[in-house]
Amino acid sequence: VSLSLDQKATRVDELRRIEAAGGYGGGIMGELAVSRSIGDHGLRPFVVPDPEICSVVRRKNDVLLIMASDGLWDVLGNEDARQVALTSFQGEFEKTGSAKMAIKKATSALVKSALAKGSKDNITVIVVDCRLPSTLTTTAKNEGGHAAGPGV
């Protein structure tokens, strides 16, 4: 389940916002591909830190939440990221029984996948265990489990 849209300067709504602030697209002022960032203060008001927010009802079979920078999403599609994270998480959880180790393995696998696919951007990945307490021993093995995140 995708929880956000890519915050790129080429997105029509973001391009309009940038141009209304006196900037131009094609990368923010020709420098930056993303249109929202916590850093890059020299590109304000064109790059803003304001997040896009959405609400999603949790489901019993939710397993993981993937939050990552464009260094991951530029080279891994939603389904690929979901598959890498779930496969790594499930394998480590079955091997060790440790959710903490499984999360670390899933996070590491996503970063390694992005690097292997040639990402040249900063890669930041956070994986959150979203399993409900009543499903902690079963959902890691559930074939119907879902991962959610930007683009997932």
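Values in this document were obtained by computation on a predicted structure and should not be read as measured data.

Undergrad: Please set out helix α4 (residues 99-116) residue by residue, giving values where relevant.
TA: Along its 18 residues, α4 runs 25 Å from first to last C-alpha, staying within 8% of the 26 Å computed at 1.5 Å per residue. Those residues of α4 not exposed but buried are A102, I103, A106, T107, A109, L110, S113 and A114. Buried residues along α4 cover an arc of 160° about the axis, so they all sit on one side. Looking at α4, the residues exposed on the side facing more than 90 degrees away from the buried face are K100, K112 and A116. Structurally, α4 contributes buried residues whose contacts are with β1 (62-68), α2 (70-73), α3 (78-96) and β2 (125-129).

Undergrad: Account for the nonpolar core, naming residues and giving values.
TA: Core analysis: the biggest nonpolar cluster contains 20 residues, and L64, I66, L72, F89, L110 and V127 have the highest contact counts within it. Only β1, α2, α3, α4 and β2 provide two or more residues apiece to this core.

Undergrad: Residues and numbers for the side chain of R131, please.
TA: Considering the arrangement of structural elements, one finds R131 in the loop between β2 and β3 (146-148). A relative accessible area of 8% means that R131 is categorised as buried. In terms of polar contacts, R131 uses its side chain to reach the side chain of D129, at 2.7 Å.

Undergrad: Any chance you could break down the packing of aromatic side chains for me, citing the residues and the numbers?
TA: Scanning the model with the defined rule gives 1 aromatic pair in all. When the ring of F89 is compared with that of F93, the centres are 6.0 Å apart and the planes differ by 10°; the resulting orientation is stacked. With F89 and F93 both in helix α3, this residue pair falls 4 residues apart, about one helical turn. The class for F89 is buried, based on a relative accessible area of 0%.

Conventions used here
Per chain, residue numbering runs from 1 following the sequence as it is written. For a predicted model such as this one, the threshold for reporting local features is a pLDDT of at least 70, and the threshold for listing and counting side-chain atom pairs is 80 or more; totals across whole chains, interfaces and linings nevertheless cover every residue. Calculation of side-chain values draws on the structure's entire complement of heavy atoms; hydrogens and water are dropped beforehand. Helix numbering and strand numbering both begin at the N terminus, where a helix is a DSSP run of H or I of at least 4 residues and a strand a DSSP run of E of at least 2. To estimate the expected span of a helix, subtract one from its residue number and multiply by 1.5 Å. Burial classes follow relative accessibility: with a 1.4 Å probe on protein chains only, a residue under 20% of its type's maximum area counts as buried, one over 50% as exposed, and anything between as partly exposed. As used here, the arc is the angular range of directions from the helix axis to the C-beta atoms. A contact between two residues is defined here by any heavy atoms of the two lying within 4.5 Å. Joining through side-chain atoms within 4.5 Å is the link that ties buried Ala, Val, Leu, Ile, Met, Phe, Trp, Tyr and Cys residues into a set, and such a set is a nonpolar core. Pairing of N or O atoms within 3.5 Å defines a polar contact, subject to two protein rules: one partner must be a possible hydrogen donor and the other a possible acceptor, and residues neighboring in sequence count only if both atoms are side-chain atoms. Centres within 6.5 Å are what make two rings of Phe, Tyr or Trp a pair, Trp counting through its six-membered ring; a difference in plane orientation under 30 degrees is then read as stacked, over 60 as edge-to-face, and the rest as tilted.

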